[in-house]
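Below are the chains, spelled out letter by letter.
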Amino acid sequence: MELTGKVALITGASRGIGESIAGRLATMGMQLVITGRDAERLEQVKEGLQMIGSQPHLIVADISDPATPGRLIGETIQTFGGIDVLVNNAGYAVSKPIEETNLEDWDYSIAVNARAPFFICKESIPHLRRSTCATIINISSVVGRLGYTQQGAYAASKHALMGFSKVLAREVQPLGIRVHTIAPGGVATEMVKTMRADLDVSKLIHPDEIADLVQFLLQHRGNGMIDNIDLRRFNGTPFA
Ligand SMILES: NC(=O)c1ccc[n+]([C@@H]2O[C@H](COP(=O)([O-])OP(=O)(O)OC[C@H]3O[C@@H](n4cnc5c(N)ncnc54)[C@H](OP(=O)(O)O)[C@@H]3O)[C@@H](O)[C@H]2O)c1
């Protein structure tokens, strides 16, 4: 699949996994829209991408704002005339036992991790259906399938993301849109410091390993279709 010049929107590109994915897609010659709340960090990411010949469009936006999904897709279409790839990567995690989880923790987790990607997907469908390589990749988590203590709101939001992704994949397959989920556990980013301070940092997955998977999913265009990729730490439990 020739991806040079194709347009990708990546949420949560100001750091961590999203920054790695942006770097990889830029190396592949794709045109990028990068977004997050932290304008300063996004500018730094943009400068890094410019050094490898990319001219990304930057949108500073909070995806917990219900108006943001429409704005992200609208600005992407306005800037590049279309969209080929959507990577819903932005995420928020709070580490608390359920007994201490408050309404704000719950609502914000659901808003960022489930509601926003749901509506960004919805807004993207009319445009993606016109692409020859239409792909949505939703970054889930091992807790989109399992339940870890202290991660009630986070796990619920990632289960919701997995749930609607399964429905979406069936609804848009007839339109030629491929939907994938990637469900990692223990990636070396700022988020893991909050959620799993107990883990040995030297054994965590590198964010570039998620970018490897995104690249593979985009380039793999055979008759086979990968719905979901679970990626665990090598020192974690196999087939857990
Ligand atoms: N690290 C792990 O071990 C791990 C494991 C499984 C799944 N994941 C998933 O991987 C994805 C990326 O996480 P990460 O590890 O790279 O975490 P991270 O370093 O904390 O990055 C999170 C990204 O999401 C953005 N974001 C958070 N809240 C936002 C909001 N309200 N509006 C817009 N953007 C927002 C942040 O940008 P701003 O701060 O600029 O807004 C940042 O770019 C998430 O979906 C996460 O759940 C991570």
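Cut-offs used in this document
- Residues numbered from 1 in each chain as written.
- Predicted model: local features only at pLDDT ≥ 70, side-chain atom pairs only at ≥ 80, totals over all residues.
- Heavy atoms only, no water.
- Helix = DSSP H or I, 4+ residues; strand = E, 2+ residues; numbered from the N terminus.
- Polar contact = N/O pair within 3.5 Å; in protein donor to acceptor, adjacent residues only side chain to side chain.
- Contact = heavy atoms within 4.5 Å.
- 1 Å grid on protein atoms, 1.4 Å probe; cavity = no way out; pocket = protein on both sides within 12 Å on 5 of 7 lines; lining within 4 Å.
- Points joined across faces, edges and corners; volume = space filled by probe spheres on them.
- Nonpolar A, V, L, I, M, F, W, Y, C, P; charged D, E, K, R; others polar.
- Near = heavy atom within 4 Å.
- Areas by Shrake-Rupley, 256 points an atom, 1.4 Å probe, with all protein chains shown as cover.
- Axes fitted to C-alpha atoms, helices over the stretch in contact; angles between N-to-C directions.
- Left-handed = near helix turned anticlockwise from the far one by under 90°.
- Parallel < 35°, antiparallel > 145°, perpendicular 65-115°, else oblique.
- Expected span 1.5 Å × (residues − 1).
- Salt bridge = Lys/Arg side-chain N within 4 Å of Asp/Glu carboxyl O.
- Buried < 20%, exposed > 50% of the residue type's maximum accessible area, 1.4 Å probe, protein only.
- Core = buried A, V, L, I, M, F, W, Y, C linked by side-chain atoms within 4.5 Å.

K.L.:
How would you summarise the side chain of Ser-165 if you had to cite specific residues and measurements?
P.N.:
If you trace the backbone, Ser-165 turns up in helix α5 (residues 152-172). In terms of polar contacts, Ser-165 uses its side chain to reach the side chain of Asn-138, at 2.9 Å. The residues contacting Ser-165, other than those within four sequence positions of it, are Asn-138, Val-179 and Thr-181.

K.L.:
Describe the layout of surface pockets, naming the residues involved and giving the relevant values.
P.N.:
If you add up the space inside the second largest pocket, you get close to 350 Å³. Elements that contribute at least two residues to the lining of the second largest pocket include exactly α5 and β6 (178-184). Sort the elements by how many residues they give to the lining of the second largest pocket and α5 lands first, with 5 residues. Of the residues contributing to the lining of the second largest pocket, the split by class is 5 nonpolar, 9 polar and 4 charged.

K.L.:
Please give an account of the site of the ligand that cites residues and values.
P.N.:
The environment of the ligand is formed by 29 residues, the closest being Arg-37, Asn-89, Tyr-154, Val-187 and Thr-189. In this structure, Arg-37 approaches the ligand through a side-chain N or O atom, which is 2.6 Å from an oxygen atom. Interatomic distance of 2.9 Å between a backbone N/O atom of Ile-63 and a nitrogen atom of the ligand. Burial of the ligand by the protein amounts to 96% of the accessible area it has alone, namely 880 Å². Broken down by secondary-structure element, the contributors of at least two residues to the shell around the ligand are α1 (16-27), α4 (103-128), α5 and α6 (190-195). Per element, the largest residue contribution to the shell around the ligand is 3 residues, and it comes from α6. The residue inventory of the shell around the ligand, partitioned by class, reads 13 nonpolar, 10 polar and 6 charged.

K.L.:
Tell me about the packing of helix α3 (residues 68-80) against α4, residues and numbers included.
P.N.:
For any two helices packed against each other, the geometry comes down to the angle between their axes and how far apart the axes lie. Where α3 contacts α4, the axes come no closer than 8 Å and their chain directions differ by 35 degrees. Where α3 crosses over α4, the two elements pack in a sense that is right-handed. Along the contact surface, α3 presents Pro-69, Gly-70, Leu-72, Ile-73 and Ile-77, while α4 presents Ala-116, Phe-119, Ile-120, Glu-123, Ser-124 and His-127.

K.L.:
Could you give me a rundown of the environment of Ala-22, with the residues and numbers involved?
P.N.:
Here Ala-22 lies in helix α1. Once the C-alpha coordinates of Ala-22 and Arg-170 are considered, the two residues, 148 residues apart in sequence, prove to be 27 Å apart. Beyond its immediate stretch of four places on either side in the chain, Ala-22 contacts Ile-10, Leu-32, Ile-34 and Leu-49.

K.L.:
Any details on the packing of α4 against α5? Residues and values, ideally.
P.N.:
For the pair α4 and α5, the least separation of the axes is 8 Å and the interaxial angle reads 15 degrees. Between α4 and α5, the crossing angle belongs to the class labelled roughly parallel. The two elements α4 and α5 meet at a crossing, and its hand is right-handed. Residues Asp-105, Trp-106, Ser-109, Ile-110, Asn-113, Ala-114, Pro-117, Phe-118, Cys-121 and Ile-125 of α4 touch α5, and the partners they reach there are Ala-153, Tyr-154, Ala-156, Ser-157, Lys-158, Ala-160, Leu-161, Phe-164, Leu-168 and Val-172. Split by residue class, the contact of α4 with α5 holds 15 nonpolar, 3 polar and 2 charged.

K.L.:
Explain α4 residue by residue, including any values.
P.N.:
The α-helix advances 3.6 residues per turn, and as a result positions three or four apart in sequence lie on the same side. When the terminal C-alpha atoms of α4 are compared, their 35 Å separation across 26 residues agrees well with the 38 Å that a helix rising 1.5 Å per residue should span. With a side-chain oxygen lying 3.1 Å from the backbone nitrogen of Glu-104, the N-terminal cap of α4 falls on Asn-102.

K.L.:
Kindly report on the pattern of salt bridges, identifying the contributing residues and their values.
P.N.:
Side chains that carry opposite charge are capable of pairing whenever their charged atoms lie near each other. What the rule picks out here adds up to 7 salt bridges. A salt bridge links Arg-41 to Glu-190, with the shortest nitrogen-to-oxygen separation between them at 3.0 Å. Of the two residues, Arg-41 sits in helix α2 (residues 39-50) while Glu-190 sits in helix α6, which places them 149 residues apart along the sequence. Among the residues examined, Glu-190 registers a relative accessible area of 35% and is labelled partly exposed. One salt-bridge network, in which partners are shared between bridges, spans Arg-15, Arg-41 and Glu-190.

K.L.:
Provide a residue-level description of the environment of Leu-42, including the pertinent values.
P.N.:
Along the polypeptide, Leu-42 turns up in helix α2. Along the sequence, Leu-42 and His-180 sit 138 residues apart, while their C-alpha atoms lie 25 Å from each other. Apart from the residues within four sequence positions on either side, Leu-42 is in contact with Ala-13, Ser-14, Ile-34, Thr-35, Gly-36, Leu-58, Ile-59 and Val-60.

K.L.:
Residues and numbers for the nonpolar core, please.
P.N.:
Ranked by size, the top nonpolar core spans 32 residues in total, and within it Ile-21, Leu-25, Met-30, Leu-32 and Ile-34 carry the most contacts. Looking at this core, the elements with two or more residues in it are β1 (7-11), α1, β2 (31-36), α2, β4 (85-88), β5 (135-139) and α7 (207-219). Per element, the largest residue contribution to this core is 6 residues, and it comes from α7. Not counting chain neighbours up to four residues away, the residues in contact with Ile-34 comprise Ile-10, Ala-13, Ala-22, Leu-42, Val-45, Lys-46, Leu-49, Pro-56, His-57, Leu-58 and Ile-59.

Such coordinate-based values are descriptive only and should not be taken to indicate function.
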